[in-house]
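The lines below spell out each chain.
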Amino acid sequence: MKIAFIGLGNMGGGMAANLVAAGHEVHAFDLSEQALASAQESGCEPFTSVRDAVQNVDAVVSMLPNGAIVQRVYTDDVIGHAPAGAVLLDCSTIDVATARAVGEAANSAGYDMVDAPVSGGIAAANGGTLTFMVGGTESAFSRAEPVLSAMGKAVIHAGALGAGQVAKICNNMLLGIHMIGTCEAFSMAEKLGLDPQKFYDISSVSSGQCWSMTSYCPMPGVGPQSPADNGYQGGFATALMLKDLKLAMEASQTSGAEVPMGQRAKELYEAFAEAGNGTLDFSAIIKTL
Ligand code: NAD
């Protein structure tokens, strides 16, 4: 297939390279010359504008920083400029309302479109092992699925337009909450004189067990290898967790959902980021407890 790829940053760069590796012809565009040059090294063909990149393609994939940019790129340069039969896939993490609005605008212009945010970080983007949660019609999903499969290990149809973003922010709100809970439990156990390894041995097979403990333990030297064992470098940046928690809080307001724990997690991550820790892995919040 011919695929336009817009936004070749930390995530998009690896994803576009995996589309090339799967045999697709990838037309790349990014505002950053450096990002575009490295996409070219991975086998993408560089273009000088979104409108040029989307000419004659079968699909358009985007991986952009936020909803305002996604809206502008699609409204100004993709819808009405990509061929009528192209399927549109936005993989960025953005607010639910914008995802729905852009998708509906695309549908009204005759395009199939999905929101397809990802779980997994830069390593998963490079390794082609992302999980995609997809919102859109059955027919849009079935057209998007083969494109997404070339970049991920799991592609799940969440529901109608916007449902991918709903799944993403609800999942990451839960992740933020249970990471802070795990950090609190380790810190208090240690203060009360319990060896962290002993606490792990017990809690990881008891009812407090959760992913933050057994797959991504915030306590250095305990559990499987995680960013805690590497000075909290790499992994999932605090700034990105905060972005997702802010999106979740916006969605809680528009939907009327009560999310007191999500709200508190957002406040704690906001304070942690403002104290200069935005680039550290989100499990580093244990340092404040
Ligand atoms: P990034 O900043 O590294 O990449 C974004 C790219 O978009 C940049 O190269 C930028 O130049 C480009 N860009 C911005 N405006 C543009 C425009 N108008 N036209 C073309 N290109 C434009 O960000 P990232 O880490 O790759 O994240 C991208 C998306 O993926 C975000 O929505 C983020 O929330 C989501 N995400 C990131 C991670 C992660 O671990 N980094 C994990 C899951 C989801």
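Residues numbered from 1 in each chain as written. Predicted model: local features only at pLDDT ≥ 70, side-chain atom pairs only at ≥ 80, totals over all residues. Heavy atoms only, no water.

### Side note on the domain arrangement of the chain
Inference 1: With domains assigned, the chain is organised as domain 1 (2-160) and domain 2 (166-288).
Inference 2: Distance between the C-alpha centres of domain 1 and domain 2: 29 Å.
Inference 3: Each side of the interface is counted separately: domain 1 has eleven residues, and domain 2 has eight residues.
Inference 4: Between domain 1 and domain 2, roughly 740 Å² of surface is buried when both sides are summed, and carbon and sulfur atoms account for 67% of that area. (Domains from an automatic or database assignment. Contact = heavy atoms within 4.5 Å. Buried area = accessible area lost by both parts, 1.4 Å probe.)

### Details of the pattern of salt bridges
Inference 1: If you walk through the whole model with that rule in mind, you get five salt bridges.
Inference 2: Two residues, Lys246 and Glu270, come together in a salt bridge whose shortest N-O distance is 3.8 Å. A residue pair is termed long-range when its members are at least 10 positions apart, and Lys246 in helix H11 (residues 238-255) and Glu270 in helix H12 (residues 260-277) qualify at 24 residues.
Inference 3: Lys246 gets classed as partly exposed once you look at its relative accessible area, which sits at 37%.
Inference 4: Of the charged contacts, one joins Lys266 and Glu270 as a salt bridge, the two residues approaching to 3.3 Å between their closest N and O atoms. Highlighted residues: Lys266 and Glu270, both in helix H12, separated by four residues, approximately one helical turn. (Salt bridge = Lys/Arg side-chain N within 4 Å of Asp/Glu carboxyl O. Helix = DSSP H or I, 4+ residues; strand = E, 2+ residues; numbered from the N terminus. Buried < 20%, exposed > 50% of the residue type's maximum accessible area, 1.4 Å probe, protein only.)

### Remarks on the site of the ligand
Inference 1: The ligand sits among 22 residues. The nearest are Asn10, Met11, Asp30, Leu64 and Lys243.
Inference 2: Between the ligand and Thr93, the relevant distance is 3.0 Å, taken from an oxygen atom to a main-chain nitrogen or oxygen of the residue.
Inference 3: Lys243 is positioned such that a nitrogen or oxygen atom in its side chain is 2.8 Å from an oxygen atom of the ligand.
Inference 4: Contact with the protein chains hides 84% of the accessible area of the ligand, taken as 830 Å² for the molecule alone.
Inference 5: Considered class by class, the residues forming the shell around the ligand number eleven nonpolar, eight polar and three charged.
Inference 6: Each of domain 1 (2-160) and domain 2 (166-288) gives at least three residues to the shell around the ligand. (Near = heavy atom within 4 Å. Polar contact = N/O pair within 3.5 Å; in protein donor to acceptor, adjacent residues only side chain to side chain. Areas by Shrake-Rupley, 256 points an atom, 1.4 Å probe, with all protein chains shown as cover. Nonpolar A, V, L, I, M, F, W, Y, C, P; charged D, E, K, R; others polar.)

### Some points on the packing of aromatic side chains
Inference 1: According to the stated counting rule, one finds five aromatic pairs in the structure shown.
Inference 2: When the ring of Phe186 is compared with that of Phe199, the centres are 5.1 Å apart and the planes differ by 90°; the resulting orientation is edge-to-face. Of this pair, Phe186 sits in helix H8 (residues 163-191) while Phe199 sits in helix H9 (residues 196-203), and the two are 13 residues apart along the sequence.
Inference 3: Seen in terms of ring centroids, Tyr269 and Phe282 are 6.4 Å apart; in terms of plane orientation they differ by 40°. Their pairing is tilted. With Tyr269 in helix H12 and Phe282 in the segment after H12, this pair connects stretches of sequence that are 13 residues apart. We note that Tyr269, like Phe282, is buried.
Inference 4: Through pairs of rings, three or more aromatic residues link up here, namely Trp211, Tyr216, Phe236, Tyr269 and Phe282. (Phe/Tyr/Trp six-rings, centres within 6.5 Å; stacked < 30°, edge-to-face > 60°.)

### Structural notes on the side chain of Ser62
Inference 1: Structurally, Ser62 is set in strand S4 (residues 59-62).
Inference 2: Side-chain polar atoms of Ser62 contact the side chain of Tyr74, separated by 2.7 Å.
Inference 3: Engagement of the side chain of Ser62 in a polar contact is seen with the side chain of Asp90, the distance being 2.7 Å.
Inference 4: Beyond its immediate chain neighbours, meaning those up to four positions away, Ser62 contacts Ile6, Tyr74, Leu89, Asp90, Cys91 and Ser92.

### A short note on the pairing of S4
A regular strand places its side chains so that they alternate between the two faces of the sheet.
Inference 1: Residues Ala59 and Val61 of S4 are buried on one face, and the alternating residues Val60 and Ser62, pointing to the opposite face, are buried as well.
Inference 2: Alignment of strand S1 (residues 2-6) against S4, held across four bridges, turns out to be parallel. Following the sheet pairing, Ile6 is matched in S4 by Ser62.
Inference 3: Crossover handedness for the path S4 to helix H4 (residues 67-78) to strand S5 (residues 87-90): right-handed. (Pairing = 2+ DSSP bridges. Right-handed = clockwise from strand over helix to strand, strands pointing away.)

### What to know about the environment of Ala160
Inference 1: Along the polypeptide, Ala160 turns up in the loop between strand S9 (152-159) and H8.
Inference 2: When the C-alpha positions of Ala160 and Val70 are compared, they lie 19 Å apart, and in sequence the two are 90 residues distant.
Inference 3: Sequence-distant contacts of Ala160, that is, excluding residues within four places in its chain, are made with Gly135 and Gly136.

### Describing the pairing of S9
Inference 1: Judged from the six bridges that link them, strand S8 (residues 130-135) and S9 form a sheet pairing that is parallel. The partner of Phe132 across the bridge, within S9, is Val155.
Inference 2: Handedness of the crossover joining S8 and S9 through helix H7 (residues 138-149) is recorded here as right-handed.

### Quick look at the nonpolar core
Inference 1: Core analysis: the biggest nonpolar cluster contains 37 residues, and Phe186, Met241, Tyr269 and Phe282 have the highest contact counts within it.
Inference 2: Breaking this core down by element, the ones donating at least two residues are H8, H9, H11 and H12.
Inference 3: Here this core takes eight residues from H8, the largest share from any one element.
Inference 4: Ala124, Ala125, Ala144 and Met151 belong to the second largest nonpolar core, which has 34 residues in total. (Core = buried A, V, L, I, M, F, W, Y, C linked by side-chain atoms within 4.5 Å.)

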